[in-house]
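Observations on the model geometry
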Amino acid sequence: MKSEILIVEDEADIRSLIAGILEDEGLSAKQAASSEEAILAFRARKPSLIILDVWLKGSGMDGIELLDKFKASDPDIPVIVISGHGTVETAVSAIRKGAYDYIVKPFKSEKLIVTAHRALEAAQLKQENAELKGRSANDDDIIGESQAISFVRQKISRIAPTNSRVLITGPSGAGKELFARMIHSQSRRSNGPFKAVNAASMVPDRVEEVLFGVEDQDTHAVQSGLLERAHLGTLYLDEVADMPLETQGKLLRLLVEQRFVRLGGSEDVQVDVRLITSTSRNLEDETRLGRFREDLYHRLNVMPLAAPALSSRREDIPQLVKYFIERLSTSTGLPPRQIGDDAMAALQAHDWPGNVRQLRNNVERLLILATGDPGTPITLETLPPEVSVVRRKNGKDNSERMIALPLRDAREHFEREYLIAQIERFGGNISRTAEFVGMERSALHRKLKSLGVPPSGRE
């Protein structure tokens, strides 16, 4: 995506010359001849970079005053100051007030091009560093090789290069934000910003302020919202079903027109943003109940993507556990531990209603609470009692039911539960299940049939 550069220069020929140099480099240039035009252009849409003349004859503000105003609205926006009457004092003042660099006119085009590219790269690096600080340990890649997760990878690779809106559905903790980040990183907007916000976490009275920003008509001060900060990139709205109906209407207008009005403002702001949304609710049900706009639902659901629950990809659990142990050991300094086969089987048999997020949290607890020699594998017997991630079917109620059964019925009950758990563990793969339990595949099929266990459909 093209970076947009605002050129603020009172001399028309110099302004046009700079615009031509930048456009030849594949950049988009917007021109302003005065401080008043510059403020209007900035309010209409925040640029990626500002090239600002110091003197600005006939303007209400000079370049240094305008620099203060731009930096007050967005401290991170890069500004290159230019002047034909350069002094050391002016240059020092500009740098102290936050300018990226100072160039004296006349200048060579190469100097301007190099400085502009460096300013854009520095701003992008600063943005990426800020985003990385807020990301969790499992944000880098989708872990696992199960059929369910392989399908997600394939679908992401197909939809990422398009500019279509994506609606990600799935239970809480299944990795919906990770999928959104992967779509962004594989898209043509990967060099642009990725902004994420959970609609449920926003105070209802401030939803529009967070999304659209705020404008003060008296002072011309602008506080950019997430939509402007995501310009030329991707905005990810998690749990979109929790957005108030009034805000849903304004979001619909944005999707139709790619423009909005800031709170307190009067002028339209136009942006180029790819929108990815997600929800753990059924939006079709929400629309029938009148809690979500049907027209907005259809606008968001251009490309649906389902995030699978961890219970549907149990064969990925050993790889996920290994990954979390490595990452947590690095970040916390806790010694890495090996998980014994019996303990791993128990982890794979667990329901995990909180999905991957719950698994990660429990692996962290496991590392903290584990005792004994770090080189000794954690087994089912040595799992700390506080780590309640095992023994799904070994609770008190189940034991009481088993005691009430005759031996033959109890044995059949145990075999059925055991084999169902193993089949689930291996993602329904009968061949892998048979190999683990020590049976021929044909014998396992006969056993499952005798126990009334339906076929899984996978060999």
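Shown above is the structure to which this text applies.
The model shown is predicted, which means the values in this text are computed figures rather than measured ones.

Digging into the packing of helix 2 (residues 35-44) against helix 3 (residues 63-73)
- Relative orientation of the contacting elements helix 2 and helix 3 amounts to 10°, with a least axis distance of 11 Å. It follows from the interaxial angle that helix 2 and helix 3 lie roughly parallel. Taken as a pair, helix 2 and helix 3 cross one another with a handedness that is right-handed. Between helix 2 and helix 3, the residues in contact are Ser-35, Ala-38, Ile-39 and Phe-42 and Leu-66, Lys-69, Phe-70 and Ser-73, respectively.
- Class assignment of the residues belonging to the contact of helix 2 with helix 3 gives a composition of five nonpolar, two polar and one charged.

Observations regarding the layout of surface pockets
- As a volume, the largest pocket reaches approximately 850 Å³.
- Of all elements in the fold, only helix 5 (109-133) and helix 9 (226-229) reach the threshold of two or more residues within the lining of the largest pocket.
- For the lining of the largest pocket, the element with the most residues is helix 5, which contributes nine residues.
- Class assignment for the residues of the lining of the largest pocket results in 10 nonpolar, 10 polar and 12 charged.

A look at the packing of aromatic side chains
- Taken as a whole and judged by the stated rule, the model has six aromatic pairs.
- Relative to Tyr-418, the ring of Phe-414 has its centre 5.9 Å away and its plane inclined at 20°; by these criteria the two rings are stacked. Note that Phe-414 and Tyr-418 are positioned in helix 17 (residues 407-425) at a spacing of four residues, about one turn of the helix.
- For Phe-414, a relative accessible area of 48% translates into the label partly exposed.
- Seen in terms of ring centroids, Phe-426 and Phe-436 are 5.7 Å apart; in terms of plane orientation they differ by 50°. Their pairing is tilted.

Criteria and thresholds
Residues numbered from 1 in each chain as written. Predicted model: local features only at pLDDT ≥ 70, side-chain atom pairs only at ≥ 80, totals over all residues. Heavy atoms only, no water. Axes fitted to C-alpha atoms, helices over the stretch in contact; angles between N-to-C directions. Helix = DSSP H or I, 4+ residues; strand = E, 2+ residues; numbered from the N terminus. Parallel < 35°, antiparallel > 145°, perpendicular 65-115°, else oblique. Left-handed = near helix turned anticlockwise from the far one by under 90°. Contact = heavy atoms within 4.5 Å. Nonpolar A, V, L, I, M, F, W, Y, C, P; charged D, E, K, R; others polar. 1 Å grid on protein atoms, 1.4 Å probe; cavity = no way out; pocket = protein on both sides within 12 Å on 5 of 7 lines; lining within 4 Å. Points joined across faces, edges and corners; volume = space filled by probe spheres on them. Phe/Tyr/Trp six-rings, centres within 6.5 Å; stacked < 30°, edge-to-face > 60°. Buried < 20%, exposed > 50% of the residue type's maximum accessible area, 1.4 Å probe, protein only.

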